[in-house]
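In case you want the letters, here they are:
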Amino acid sequence: IVPSDFKGENIMKKPDLNWETPILGVIGGMGPMATELFYKMIIEKTPVTCDQEHLDTIILGHASMPDRTAAILSKDPQRIRETAQKLLSDAKTLETLGADCIAVTCNTAHYFVDQIADQVSIPFIHMIRETAKAAAACPGEKVGILATDGTIRTELYQKALAAENVIPCVLDAEGQSLVMHEIYDCVKPGKPVDEAAWQIIDEKLHAMGCKCALLACTELSVIKADKQLNDFYMDPMEVMADRCLAFFGKKEVSK
């Protein structure tokens, strides 16, 4: 795991890692528990008979990355640009280290991924677009979006779902505040899920007639793992893990 203060700009040439197999690059630390869960997904989903059949992986745990939601909601062009540049530096670091593709374990960060992807020569496994494709298994159905205020404000998922002929649904102000409470007051500081708040969120989703709901924040992925939530809740991070494995020929994913 690459430390969070690792400076990619200090690398002058590709180091000789002596790795003869493809490499998955991960920009993580947003937050750390979600990154840990993503790597666990990659390990558990990979069909292997020995250690050597797992993916070689470089995880850059950039926990000091500025809060993505705060940057977006600030509407400050310089603050947004600086956050994008930090993500670009991380992507360039992974590119230099020999990664063949990049996964970013933060939904909101994909707002910035879209700004810098064309400046990197290796592809991003785009969690939002891939999740929208997975949700397209229910065309014409309502799909709830549980995400940070930043992700909701940018309409990243709303646009991606609509492009797949799926009806995106967001919670009312009360429900959205409860989602933010679960993310920032519970998961990020390492506290357990607020069961009463989650019950209200669940009831609101069903009252809207949602066929399923996207856990469109990686902290909510942690809640799904802890609470063993049923299949009503689709986990974008799990979709991304499947797509990463498919990229390296480790898993077949239905279109």
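Bear in mind the structure is a predicted one, so any value in this text is a computation, not a measurement.

J.: Explain helix H1 (residues 32-45) to me, please; I cannot follow it from the model alone.
T.: Since one α-helical turn is 3.6 residues long, residues separated by three or four positions face the same way. Over its 14 residues, H1 extends 20 Å from the first C-alpha to the last, a length consistent with the 20 Å expected when each residue adds 1.5 Å. Listed in full, the buried residues belonging to H1 are Ala34, Thr35, Leu37, Phe38, Met41 and Ile42. Axial view of H1: buried residues confined to an arc of 160 degrees, hence all on one face. Residues of H1 that are exposed and angled more than 90 degrees away from the buried face: Pro32, Glu36 and Glu44. Looking at the buried residues of H1, the elements they touch are strand S1 (23-28), strand S2 (56-61), strand S3 (101-104), helix H10 (218-227) and helix H11 (236-247).

J.: Just checking my understanding: could you explain unusual backbone geometry for this structure?
T.: It is generally the case that most residues other than glycine have a negative phi and that most peptide bonds are trans. In this model, Met30 is joined to Gly31 through a cis peptide bond whose omega is 0 degrees. The residue Gly31 is located in the loop between S1 and H1 in this model. One non-glycine residue with positive phi stands out, namely Glu155, at about 60 degrees. Along the polypeptide, Glu155 turns up in the loop between helix H6 (149-154) and helix H7 (156-163). Relative accessible area serves as the criterion here: at 39%, Glu155 is assigned to the partly exposed category. The phi dihedral of Asn165 is positive, around 65 degrees, even though this residue is not glycine. Mapped onto the secondary structure, Asn165 falls in the loop between H7 and strand S5 (167-170). Using a relative accessible area of 52% as the deciding quantity, one classes Asn165 as exposed.

J.: Looking at this structure, I do not really get the packing of aromatic side chains. What am I missing?
T.: Any pair of aromatic rings gets described here by the distance separating the centres and the angle formed by the planes. Under the definition given, this model contains four aromatic pairs. Centre to centre, the rings of Tyr111 and Phe112 are 5.1 Å apart; their planes meet at 85 degrees, and the pair counts as edge-to-face. Residue classification places Phe112 among the buried residues on the basis of a relative accessible area of 1%. Relative to Phe248, the ring of Phe247 has its centre 5.0 Å away and its plane inclined at 80 degrees; by these criteria the two rings are edge-to-face.

J.: What is the right way to read H7 from this model?
T.: Regarding H7, the residues found buried are Leu156, Tyr157, Gln158, Ala160 and Leu161. Asn165 sits one or two residues past H7 and shows a positive phi near 65 degrees.

J.: Please explain the nonpolar core as it appears in this structure.
T.: Note that soluble globular proteins tend to have their nonpolar side chains buried in a common cluster. Counting residues in each nonpolar core, the largest one holds 58 residues, and the members touching the most others are Leu24, Phe38, Leu146, Trp198, Leu205, Leu220 and Tyr233. The biggest single contributor to this core is H11, with six residues. For Leu220, the residues in contact, after removing those within four places along its chain, are Leu146, Ala147, Val179, Ile183, Trp198 and Leu215. Counting 26 residues, the second-largest nonpolar core is a separate cluster that includes Ile23, Met65, Leu87 and Ile122.

J.: Honestly, empty space enclosed by the protein in this entry has me stumped. Any pointers?
T.: The method is simple in principle: a probe with the dimensions of a water molecule rolls over the atoms, and the space it marks as empty is what remains. Under the defined criterion, the tally for this structure stands at one cavity of 30 Å³ or more. Taken as a whole, the largest cavity encloses approximately 70 Å³ of empty space. Contributing elements (two or more residues each) for the lining of the largest cavity: helix H2 (68-74) and H10.

J.: Help me understand the layout of surface pockets, please; the structure alone is not making it clear to me.
T.: There is about 200 Å³ of room inside the second largest pocket. Leu37, Lys40, Met41, Glu44, Lys45, Ser221, Lys224, Ala225, Gln228, Leu229, Asp235 and Glu238 are the residues that line the second largest pocket. Contributions of two or more residues to the lining of the second largest pocket are made by H1 and H10. Take the lining of the second largest pocket: its biggest share by element is five residues, from H1. For the lining of the second largest pocket, the class distribution of residues is four nonpolar, two polar and six charged.

Definitions and cut-offs
- Residues numbered from 1 in each chain as written.
- Predicted model: local features only at pLDDT ≥ 70, side-chain atom pairs only at ≥ 80, totals over all residues.
- Heavy atoms only, no water.
- Helix = DSSP H or I, 4+ residues; strand = E, 2+ residues; numbered from the N terminus.
- Expected span 1.5 Å × (residues − 1).
- Buried < 20%, exposed > 50% of the residue type's maximum accessible area, 1.4 Å probe, protein only.
- Arc of directions from axis to C-beta.
- Contact = heavy atoms within 4.5 Å.
- Phe/Tyr/Trp six-rings, centres within 6.5 Å; stacked < 30°, edge-to-face > 60°.
- Core = buried A, V, L, I, M, F, W, Y, C linked by side-chain atoms within 4.5 Å.
- 1 Å grid on protein atoms, 1.4 Å probe; cavity = no way out; pocket = protein on both sides within 12 Å on 5 of 7 lines; lining within 4 Å.
- Points joined across faces, edges and corners; volume = space filled by probe spheres on them.
- Nonpolar A, V, L, I, M, F, W, Y, C, P; charged D, E, K, R; others polar.

Spatial relationships are all this shows, so hold off on functional conclusions.
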